[in-house]
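Tertiary structure, described
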Amino acid sequence: NIFLINNFFPKKEKKIIIFISFLILFTVFVLSFFNPLLLYLSGELNIYGHFSENYDLFLNKVSPRSSGISRSCLILFIMTFILEKIIIKKEIIFKLLRIIFLTVIFLCQSRLIILTTFISFFFIYFFENKFTLKDISKFLLQYTLIPIIFTFSIMDIHANQKYKLIKQKLINEYTGTEKLKEEDIKIEKELPIRNFSESVTSGRFEDWREIFKKIELNSLYIGLGSQADRYLINQSASNGIIYALISSGIFGFLFYTLFLIMILIKLSNIFFNIKKNNYLEFYSGLIILVIFIRSLFETSYAVFGIDLILVSIFTSFINIDKGQKII
């Protein structure tokens with residue numbers, strides 16, 4: 001059982017578990033993002049909402065969407081703070097990695113992950129820095145300004161390439177007697193910025209209402225089994241608590257909620273004593289908080305996947321006896 005990590009794994013092996021977790025998640029991120037990034041830079045694809053049906057690197061399985069890539073980047077971003085302290089003390093390497101991860105998060109434009117990123121910034125700042133103008137300026141420069149500059153630079157490359165592709169397509173499709181010239185084509189170059197005026201929940205409220213309309217009352221006692229959301233509305237329930245209720249009924253819902261409450265109490269103790277925590281406990285708690293916030297708008301760790309594995313691993317690290325120091 002992975003929750004026994006604290007009692008049966010020595011300090012050195014716990015460090016290896018963290019490093020292997022980072023390596024696996026980083027590999028998944030690179031495989032997920034490399035091909036879409038190349039297509040994005042060529043002007044052929046918008047990264048937001050990317051959903052490839054036949055991706056060779058995933059054995060022709062569906063590749064992660066932009067929201068999943070954003071989630072992975074935020075978790076990797078937080079994990080770099082742990083690795084920097086306990087494995088590789090190379091500050092410049094991790095600064096560069098953090099800028100890359102944040103740039104990808106801004107490029108993917110997942111509203112929930114961007115919000116969660118700034119919540120993470122709040123806790124990280126007060127754990128790592130003093131409340132001074134110098135520290136604030138340095139923090140904002142590294143974690144906000146520089147990634148945003150890189151983001152808009154990459155967006156501009158995409159916009160230029162897409163502009164050229166559209167012009168060339170119009171020239172190739174033109175059937176007039178005179179040859180269409182590039183300077184005759186009047187189209188605007190637009191940065192690929194998501195329209196944030198659309199529904200805040202991207203239709204999730206409607207999905208939740210439909211779930212409760214379709215499920216019968218007696219089904220709520222024992223649930224409808226795994227992937228009940230697919231059975232009811234043919235897509236994800238987009239909420240861990242609702243998924244637990246419709247899949248495993250009242251009893252599964254109670255266990256799920258009890259686990260959630262227990263961990264939230266532990267997290268509140270960590271964040272209310274922010275300066276008294278060791279690095280592993282604080283950043284493990286922050287990773288779990290990120291996943292819990294995500295579970296409000298995704299099934300997240302309610303189903304078997306990356307989120308559940310990460311919650312399992314890092315929950316073990318926030319249950320360290322106060323006398324035991326990992327870092």
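Structure report, in brief. (Residues numbered from 1 in each chain as written. Predicted model: local features only at pLDDT ≥ 70, side-chain atom pairs only at ≥ 80, totals over all residues. Heavy atoms only, no water.)

Details of the overall build of the protein chain
Counted only if it meets this: Where helices and strands are cited, they refer to DSSP runs of H or I of at least four residues and of E of at least two residues respectively, numbered from the N terminus.
Scanning the protein chain for helices and strands turns up 12 helices and 0 strands. In the protein chain, the succession of α and β elements from N to C terminus is α-α-α-α-α-α-α-α-α-α-α-α.

Focus: the pattern of salt bridges
Note the threshold: Criterion for a salt bridge: a side-chain nitrogen of Lys or Arg within 4 Å of a carboxyl oxygen of Asp or Glu. Only protein chains enter the area calculation, which uses a 1.4 Å probe; residues under 20% of their type maximum are buried, those over 50% are exposed, and those in between are partly exposed.
Summed over all chains, the structure comprises 7 salt bridges. Put simply, R98 and E84 hold a salt bridge, and the shortest N to O gap is 2.5 Å. In this pair, R98 is assigned in helix α4 (residues 91-108) and E84 in helix α3 (residues 66-86), connecting sequence segments 14 residues apart. The pair formed by R98 and E84 is uniform in burial state, with each residue classed as buried. Salt-bridge contacts for E281 lead to K266; the nearest nitrogen and oxygen are separated by 3.9 Å. With E281 in helix α11 (residues 279-294) and K266 in helix α10 (residues 240-272), this residue pair connects regions lying 15 residues apart in the sequence. Salt bridges here are not isolated pairs; linked through shared partners, they connect R71, R294 and D307.

Side note on the environment of L264
Looking at the element boundaries, L264 is found in helix α10. For the pair L264 and I288, spaced 24 residues apart in sequence, the C-alpha separation works out to 9.2 Å.

Thoughts on the packing of aromatic side chains
Note the following rule: Only centres within 6.5 Å qualify two rings of Phe, Tyr or Trp (six-membered ring in Trp) as a pair; their planes then separate them into stacked at under 30 degrees, edge-to-face at over 60, and tilted for everything else. Criterion for a charge above a ring: Arg CZ or Lys NZ at most 6 Å from the ring centre, at most 35 degrees from the ring normal.
For the structure shown, the criterion picks out 34 aromatic pairs. When the centroid spacing of 5.1 Å and the interplanar angle of 80 degrees are considered together, the rings of F127 and Y279 count as edge-to-face. Separated by 152 residues along the polypeptide, F127 in helix α5 (residues 111-128) and Y279 in helix α11 bring together distant segments of the chain. Looking at F127, the relative accessible area reads 9%, which means it is buried. When the ring of F292 is compared with that of Y301, the centres are 5.1 Å apart and the planes differ by 25 degrees; the resulting orientation is stacked. The two residues F292 and Y301 agree in class, both being buried. The side chain of R98 reaches across the aromatic face of F81, ending 3.9 Å from its centre.

As for α5
Because the α-helix completes a turn every 3.6 residues, residues three or four places apart line up on one side. Going by this rule: Every helix has an expected span of 1.5 Å times one less than the residues it contains. The contact definition used throughout considers only heavy atoms, calling two residues in contact when any of these lie within 4.5 Å.
Between its first and last C-alpha atoms α5 spans 25 Å; for 18 residues at 1.5 Å apiece the expected length is 26 Å, and the two agree. Of the positions making up α5, those classed as buried are R111, L112, I113, I114, T116, T117, S120, F121, F123, I124, Y125 and F127. Where α5 is buried, its residues meet α3, α4, α6 (133-173), α10 and α11.

With respect to unusual backbone geometry
Of note in this structure, Q109 is not a glycine but carries a positive phi near 60 degrees. In the Ramachandran plot, S300 falls in the positive-phi region, its phi being about 50 degrees despite a non-glycine side chain. Relative to the helices and strands, S300 resides in the loop between α11 and α12 (306-317). Under the relative-accessibility criterion, S300 is labelled buried at 7%.

Observations concerning the nonpolar core
Stated precisely, the cut-off is as follows: The term nonpolar core refers to a set of buried residues drawn from Ala, Val, Leu, Ile, Met, Phe, Trp, Tyr and Cys, joined through side-chain atoms within 4.5 Å.
Within the largest apolar cluster, 68 residues are counted, with the highest numbers of intra-cluster contacts made by F77, L267, F282, Y283, L286 and F314. Within the residue set of this core, elements represented by two or more residues are α2 (11-41), α3, α4, α5, α6, α10, α11 and α12. Sequence-distant contacts of F77, defined by excluding residues within four places in its chain, comprise R98, F101, L102, F121, I124 and Y143. In terms of nonpolar packing, the next biggest core, distinct from the first, is built from 12 residues, W208, L220, A228 and A237 among them.

Remarks on the side chain of S238
Its place among the elements puts S238 in the loop between α9 (228-233) and α10. Beyond its immediate stretch of four places on either side in the chain, S238 contacts R204, W208, L296, F297, E298 and T299.

Considerations on the packing of α3 against α4
Counted only if it meets this: Fitting a line to C-alpha atoms yields each axis, with helices limited to the stretch in contact; the angle taken between N-to-C directions then spans 0 to 180 degrees. Comment on the angle field: the value is read as roughly parallel under 35 degrees, roughly antiparallel over 145, roughly perpendicular from 65 to 115, and oblique elsewhere. The crossing is said to be left-handed when, going from far helix to near helix, the turn is anticlockwise and less than a right angle, and right-handed when the turn is clockwise.
One way to put it is that α3 packs onto α4 with a least axis distance of 9 Å and a crossing angle of 160 degrees. Here α3 lies roughly antiparallel to α4, going by the angle between them. Viewed along their axes, α3 and α4 form a crossing whose handedness is left-handed. Taken together, the residues of α4 that come into contact with α3 (itself represented by S66, I69, S70, C73, L74, L76, F77, T80, F81, L83 and E84) are E91, F94, L97, R98, F101, L102, V104, I105 and C108.

Digging into the state of the cysteines
Convention followed: When two cysteine sulfur atoms lie within 2.5 Å, the pair is treated as a disulfide.
Applying the stated criterion across every chain yields a total of 0 disulfides. No disulfide involves C73; its sulfur sits 6.5 Å from that of C108, the nearest cysteine.

Some remarks on the environment of L37
Relative to the elements of secondary structure, L37 occurs in helix α2. Between the C-alpha atoms of L37 and H158, which are 121 residues apart in sequence, the distance is 9.7 Å.

Notes on the packing of α5 against α6
So the rule is basically this: Here the nonpolar group is Ala, Val, Leu, Ile, Met, Phe, Trp, Tyr, Cys and Pro; Asp, Glu, Lys and Arg are the charged ones; every other residue, Gly included, is treated as polar.
Put simply, α5 and α6 touch, their axes get as near as 12 Å, and they point 145 degrees apart. Of the two elements, α5 crosses α6, and the hand of that crossing is right-handed. Within the contact between the two elements, α5 uses F118, F121, I124 and Y125 and α6 uses D135, I136, F139, Y143 and T144. When the residues that make up the contact of α5 with α6 are grouped by side-chain class, the tally is 7 nonpolar, 1 polar and 1 charged.

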